[in-house]
Amino acid sequence: MKLSNKDQLAQTIDQTKDLLAHLENNEIEDAQELIDSLASDGDDDLFIEIGKLTRNLHEALTNFQMDSRITDLAASEIPDAKERLNYVIEKTEAAANKTMDKVESCTQRSDVMAKDSEELLVEWKKLYNRELEPGDFRKLCKKIESHLEKNKNDADELHSELTEVLMAQDYQDLTGQVIRQVITLVHDVEESMVHIIKMFGSMDGYNQAKTKTTAKEGVEGPVVNVEKRDDVVQGQDEVDDLLSSLGF
Amino acid sequence: MKILVVDDFSTMRRIIKNLLRDLGFTNTQEADDGNTALPMLQAGNFDFLVTDWNMPGMQGIDLLKAVRADDKLKSMPVLMVTAESKREQIIEAAQAGVNGYIVKPFTAATLNEKLQKIFERIDG
């Protein structure tokens, strides 16, 4: 019942006058009927208000259900993401070690090849300079033959080891997929958090924080957005310039 | 020349050891942070220290400061090889007495150049 409404006010005054008249005239039944009808008018308004509240409550609950996504995120997807990122660390480490195993083996092999060739060259030059003893020529020929054979085998070995180095790079595809999944997850978490801020917090504060660049204290590892930062060097040249400006 | 290579990632230690070996430095040992490195330095007749900055346990900058504060070690050349690239950090390392500073990612040529520079200065 809205007494601020003019018609409603006039009607209520009339009804009150009627009620008073009924009571004065001892018309109890009529008075009772009028009181009941007045009360039910109030009930209608009450029901409307309850209706509104119910709708609000329903919306809040729906929103809250949407944020049960947060429960999923916290309970399973984030722990899962941690496992995925550990997988990335393991895969990249294994690939780096496998590559280095093969590279070390290749460099050792190439060192031996270089050393053998060098020794052979010394004797080959002796042949040119006619410094070779007659009996040594046959020995040199044998040496060259076995050197060439060994070289061929070594070249084959190098090739197969380099192929293994190539294959060790397959981690990039696998870890790339995993990292992309984690990026999607981080995006979902961000959306859920913005949603919560919209419902319970201040969007002004959110927008302010968004534009604020926080200066990072202490160690932070590799800087991935060098172009957006003016407190970091862009490479070794800038390190050298800075150090020489300090008298290094 | 006995060199200690300190980095928390074994792959990076291995890369540096390989590059050092190519440059003729075959006597290298490894540690994974300052806490393991410092007692090795104090006990082990090292001539040169190559260290990362960001490590769990004792960080490289604190290891550098500890080396400079130790009477037996204070003149040891220290080369920092790190991803830390803030100007204030480079200045901090310089003030703490670092002999060279390389930012990751780096090349074999850079490592060679910085080592030569340090040796020239020591000899000269």
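These notes cover the structure that comes with them. For clarity, every value in this text was computed on a predicted model and none was experimentally measured.

Quick look at the overall build of chain B
Per the secondary structure count, chain B includes 5 helices and 5 strands. Listed by position from the N terminus, the elements making up chain B come as β-α-β-α-β-α-β-α-β-α. For a compact globule of 124 residues, the expected C-alpha radius of gyration is about 14 Å, and chain B comes in at 13 Å, within 12% of that figure. The C-alpha extent of chain B, read off along each of the three principal axes, is 35 × 30 × 30 Å. Across the 124 residues that make up chain B, the buried fraction comes to 40%. Taking the intrachain contacts of chain B between residues at least 6 apart in sequence as the baseline, contacts between residues at least 24 apart amount to 59%.

Concerning the packing of helix 3 (residues 68-128) of chain A against helix 4 (residues 134-168) of chain A
Residues and elements named next belong to chain A. Where helix 3 contacts helix 4, the two axes come as close as 10 Å, and the packing angle between them is 160 degrees. Taken together, the axis directions place helix 3 and helix 4 in an arrangement best described as roughly antiparallel. The element helix 3 and its partner helix 4 pack so that their crossing is left-handed.

Some points on helix 3 of chain A
Residues and elements named next belong to chain A. A rise of 1.5 Å per residue sets the reference length of helix 3, with its 61 residues, at 90 Å; its end C-alpha atoms lie 86 Å apart and thus fit the reference within 8%. The principal kink in helix 3, of about 40 degrees, is found at Ala 74. Directly after helix 3, the chain includes Arg 130, whose backbone phi takes a positive value near 55 degrees.

Comments concerning the interface of chain B and chain A
Counting residues at the interface gives 19 residues for chain B and 19 residues for chain A. Breaking the side of chain B that touches chain A down by element, the ones donating at least two residues are helix 1 (10-22), helix 4 (87-95) and strand 5 (100-103) of chain B. Sort the elements by how many residues they give to the side of chain B that touches chain A and helix 4 of chain B lands first, with 4 residues. Each residue belonging to the side of chain B that touches chain A can be placed in one class, and the counts come to 9 nonpolar, 6 polar and 4 charged.

A word on the packing of helix 3 of chain A against helix 1 of chain B
Across the interface, helix 3 of chain A lies against helix 1 of chain B with an axial gap of 10 Å and an inter-helix angle of 20 degrees. Here helix 1 of chain B runs roughly parallel to helix 3 of chain A, going by the angle between their axes. At the point where helix 3 of chain A passes helix 1 of chain B, the crossing takes the left-handed sense. In this structure, helix 3 of chain A uses Glu 93, Ala 96, Asn 97, Met 100 and Glu 104 of chain A to contact helix 1 of chain B, whose residues at the interface are Thr 11, Arg 14 and Asn 18 of chain B. Residue composition of the contact of helix 3 of chain A with helix 1 of chain B, grouped by class: 2 nonpolar, 3 polar and 3 charged.

Topic: the pairing of strand 2 (residues 28-31) of chain B
Residues and elements named next belong to chain B. Pairing analysis gives 4 bridges linking strand 1 (residues 3-6) to strand 2, with the strands arranged parallel. Paired with Val 5 across the bridge in strand 2 is Glu 30. As for the winding sense of the linkage, the β-α-β connection from strand 1 through helix 1 to strand 2 is right-handed.

Describing the sheet that holds strand 5 of chain B
Residue and element names in this part refer to chain B. Pairing within the open sheet is parallel, and its 5 strands lie in the order 2-1-3-4-5. In this open sheet, the two strands that pair with only one neighbour each are strand 2 and strand 5. Sheet twist, expressed as the mean angle between neighbouring strand axes with direction ignored, is 20 degrees. Looking at chain direction, strand 4 (residues 78-82) and strand 5 are connected through 4 bridges and run parallel. Bridging from a neighbouring strand, Val 81 pairs with Ile 102 of strand 5. This element, helix 1, spans strand 1, strand 2, strand 3 (48-51) and strand 4 of the sheet and lies at about 150 degrees to strand 1. Each of strand 4 and strand 5 touches helix 5 (residues 108-123); the most contacted strand, strand 5, lies at about 175 degrees to it.

Brief notes about the pairing of strand 3 of chain B
All names here are of chain B. Side chains Phe 48 and Val 50 project from strand 3 onto one buried face, and the interleaved Leu 49 and Thr 51 project onto a second face that is buried too. Alignment of strand 1 against strand 3, held across 4 bridges, turns out to be parallel. Following the sheet pairing, Ile 3 is matched in strand 3 by Phe 48. Pairing between strand 3 and strand 4: 3 bridges, direction parallel. Pairing of Leu 49 across the sheet is with Val 78, part of strand 4. Once the chain exits strand 3 it traverses helix 3 (residues 60-69) before rejoining the sheet at strand 4, and the crossover so formed is right-handed.

The rules we used
- Residues numbered from 1 in each chain as written.
- Chains lettered and ligands numbered in written order.
- Predicted model: local features only at pLDDT ≥ 70, side-chain atom pairs only at ≥ 80, totals over all residues.
- Helix = DSSP H or I, 4+ residues; strand = E, 2+ residues; numbered from the N terminus.
- Rg over C-alpha atoms; globule rule 2.2 N^0.38 Å.
- Buried ≥ 20, exposed ≤ 12 C-beta atoms within 10 Å, placed from the backbone.
- Contact = placed C-beta atoms within 7 Å.
- Axes fitted to C-alpha atoms, helices over the stretch in contact; angles between N-to-C directions.
- Parallel < 35°, antiparallel > 145°, perpendicular 65-115°, else oblique.
- Left-handed = near helix turned anticlockwise from the far one by under 90°.
- Expected span 1.5 Å × (residues − 1).
- Bend = angle between axes of the 7 residues up to and from the residue.
- Nonpolar A, V, L, I, M, F, W, Y, C, P; charged D, E, K, R; others polar.
- Pairing = 2+ DSSP bridges.
- Right-handed = clockwise from strand over helix to strand, strands pointing away.

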